Amino acid sequence: MSEEKRLKIAIQKSGRLADQSLALLEKSGVSLAKSRDQLLCRAENYPLDVFLVRDDDIPAFLANNVCQLGILGQNAFLEKQALGNGKFESLSQLLPLGYGKCRLSIAVPHDFDYKSIQSLTGKVIATSYRGLLAAYLKQHDIDADIVTMEGAVEVAPRTHLADVICDLVSTGSTLVSNGLVEKEVILRSEAVLVSNQITDPVIAGLADQITSRIKAVLRAENSRYIMLNSPTASLDAIKAVLPGSASPTVMPLQGRDDMVAVHAVCEEGVFWNTMEALKANGASSILVVPIEKMLD
Ligand code: PRT
Ligand code: ZN
């Protein structure tokens, strides 16, 4: 009997994306043996092996076809492509995943007289993203020196290693506590699902299936099911207020000619102001519930 073909996916072993990447696979119906100490984790109920690695290694795992799918920050992926001399060109981004959001930005000390990107001419910029920074400077025709640092980029100006920095920012508190001010956003990033060019049709089928399950999970997470009663006369006004819902289901309410029940999937958040607007238009008994799974 031929050996079962298994899809292989690489995710971050530990770090900012690790927990959410694992949780996303589990929500997609893959149950994994819990050990985190090993490199490889076999799914028990799906032909999938999960490689737990450093995010920086994921593009190489894909380029060498050790894995066919990977989850990493778009920043890390694009930086590898920018530096890779074509090695990572055949990899493609399939899907943004909505977590690990950050931006790659240029920040300057608060007493730096920054007028425009031209102010960077002749300056020394410390970064862990040489490839993306160099491309950005080239695009803006700026001649500056780049110093590559693996970590603690934010201390470079204070230690006179560099004039300014280019680093990832999420809340901005690291910049503030180091007396730095964000001036240019080079890239807005989040975790992405990346794939290599899959030639085996069985593996390609598995990759498609996992990708559409992940899509469905993300859609369900962003969607809400809303139920309400509407006066028949104000149905159009209420439909107009329902966020991101093309065609709600409208049902009669027994014994009431003047009222109908409206059910809809809203593919975006339903906030208090929407509920209040629905109420102002005559809606009553408004119920908003999360959706666990969704498949078209
Ligand atoms: O061990 P391994 O190599 O796998 O992990 P790592 O240390 O290289 O990466 P990790 O876990 O720190 O980050 C993984 C990914 O998370 C990054 O590639 C980004 O896509 C994403 N991400 C999201 C971030 C941040 N937000 C972030 N804020 N990565 C790093 N930071 C750092 C940033 O470099 C700076 O030092 O956090 C600091 C700034 O944060 P704020 O909140 O103070 O602005
Ligand atoms: Zn890393």
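Caption draft 1: Local environment of the coordination of the zinc ion (ligand 2). Within the protein, Asp-55 (OD) and Asp-56 (OD) serve as the donor atoms for the zinc ion (ligand 2), at 2.0 to 2.1 Å. One can describe the site at the zinc ion (ligand 2) as irregular: its four donor atoms subtend angles covering 71 to 177 degrees at the metal. By relative accessible area, Asp-56 is classed as partly exposed at 33%.

Caption draft 2: Up close: helix 8 (residues 272–280). Taken residue by residue, helix 8 has Thr-274, Met-275 and Leu-278 as its buried positions. In an axial view of helix 8, the angular spread of the buried residues amounts to 100 degrees, which keeps them on one side of the axis. The exposed residues of helix 8 that point more than 90 degrees off its buried face are Trp-272, Asn-273, Lys-279 and Ala-280. In this fold, the buried residues of helix 8 make contact with strand 12 (224–231), helix 7 (235–241) and strand 15 (284–290). Immediately downstream of helix 8, the backbone of Gly-282 shows phi near 105 degrees, a positive value.

Caption draft 3: How the structure looks around the site of ligand 1. The environment of ligand 1 is made up of 21 residues, and the closest members are Asp-56, Asn-75, Thr-171, Gly-172 and Thr-174. Note that an oxygen atom of ligand 1 is positioned 2.8 Å from one of the side-chain N or O atoms of Asp-56. Taking Ser-170, its main chain carries an N or O atom lying 2.8 Å from an oxygen atom of ligand 1. Contact with the protein chains hides 78% of the accessible area of ligand 1, taken as 840 Å² for the molecule alone. Counting atoms within 2 Å of the grid points, the majority share of ligand 1 lands in the largest pocket. Contributing elements (two or more residues each) for the shell around ligand 1: strand 9 (164–169) and helix 5 (173–177).

Caption draft 4: Local environment of the sheet that holds strand 13 (residues 249–253). Across the sheet, four strands lie side by side as 13-14-12-15; this open sheet has antiparallel pairing. What marks the edges here is a single partner per strand, and that holds for strand 13 and strand 15. Averaged over all pairs of adjacent strands, the angle between their axes in this sheet comes to 20 degrees, without regard to strand direction.

Caption draft 5: Focus on the nonpolar core. Counting 35 residues, the largest nonpolar core has Ile-106, Leu-120, Ile-125, Leu-133, Leu-137 and Ile-186 as its most contacted members. Counting only elements with at least two residues in this core, the list comes to strand 3 (48–53), helix 2 (58–63), helix 3 (74–83), strand 6 (102–109), helix 4 (130–139), strand 9, strand 10 (180–189) and strand 11 (191–195). Looking at which element gives the most residues to this core, the answer is helix 4, with four residues. Viewed by domain, this core spans two of them, domain 1 (7–99 + 191–220) and domain 2 (102–189), each represented by three or more residues. Not counting the four nearest positions on each side in its chain, Ile-125 is found in contact with Leu-120, Leu-133, Leu-137, Ala-144, Asp-145, Ile-146, Val-147, Ala-162, Val-164, Ile-165 and Cys-166. Grouped together as the second largest cluster of nonpolar side chains are 29 residues, Leu-24, Leu-25, Tyr-46 and Ala-207 included.

Caption draft 6: Representation of the environment of Leu-104 within the structure. Positionally, Leu-104 belongs in strand 6. Given the relative accessible area of 0%, Leu-104 is considered buried. As a C-alpha pair, Leu-104 and Val-260 span 156 residues in sequence and 50 Å in three-dimensional space.

Caption draft 7: Highlighting unusual backbone geometry. Despite not being glycine, Asn-65 shows a phi value in the positive range, around 60 degrees. Here Asn-65 lies in the loop between helix 2 and strand 4 (69–73). Relative accessible area serves as the criterion here: at 45%, Asn-65 is assigned to the partly exposed category. With a phi close to 60 degrees, Asp-141 is a non-glycine residue in the positive phi region. Along the chain, Asp-141 turns up in the loop between helix 4 and strand 8 (145–148). By relative accessible area, which is 69% here, Asp-141 ends up exposed.

Analysis parameters
- Residues numbered from 1 in each chain as written.
- Chains lettered and ligands numbered in written order.
- Predicted model: local features only at pLDDT ≥ 70, side-chain atom pairs only at ≥ 80, totals over all residues.
- Heavy atoms only, no water.
- Donors = N, O, S within 2.8 Å, 3.2 Å for Na, K, Ca; no water.
- Tetrahedral: all angles 85-135°; square planar, octahedral: opposite > 155°, others 65-115°.
- Buried < 20%, exposed > 50% of the residue type's maximum accessible area, 1.4 Å probe, protein only.
- Helix = DSSP H or I, 4+ residues; strand = E, 2+ residues; numbered from the N terminus.
- Arc of directions from axis to C-beta.
- Contact = heavy atoms within 4.5 Å.
- Near = heavy atom within 4 Å.
- Polar contact = N/O pair within 3.5 Å; in protein donor to acceptor, adjacent residues only side chain to side chain.
- Areas by Shrake-Rupley, 256 points an atom, 1.4 Å probe, with all protein chains shown as cover.
- 1 Å grid on protein atoms, 1.4 Å probe; cavity = no way out; pocket = protein on both sides within 12 Å on 5 of 7 lines; lining within 4 Å.
- Sits in = over half its atoms within 2 Å of the grid points.
- Pairing = 2+ DSSP bridges.
- Axes fitted to C-alpha atoms, helices over the stretch in contact; angles between N-to-C directions.
- Core = buried A, V, L, I, M, F, W, Y, C linked by side-chain atoms within 4.5 Å.
- Domains from an automatic or database assignment.

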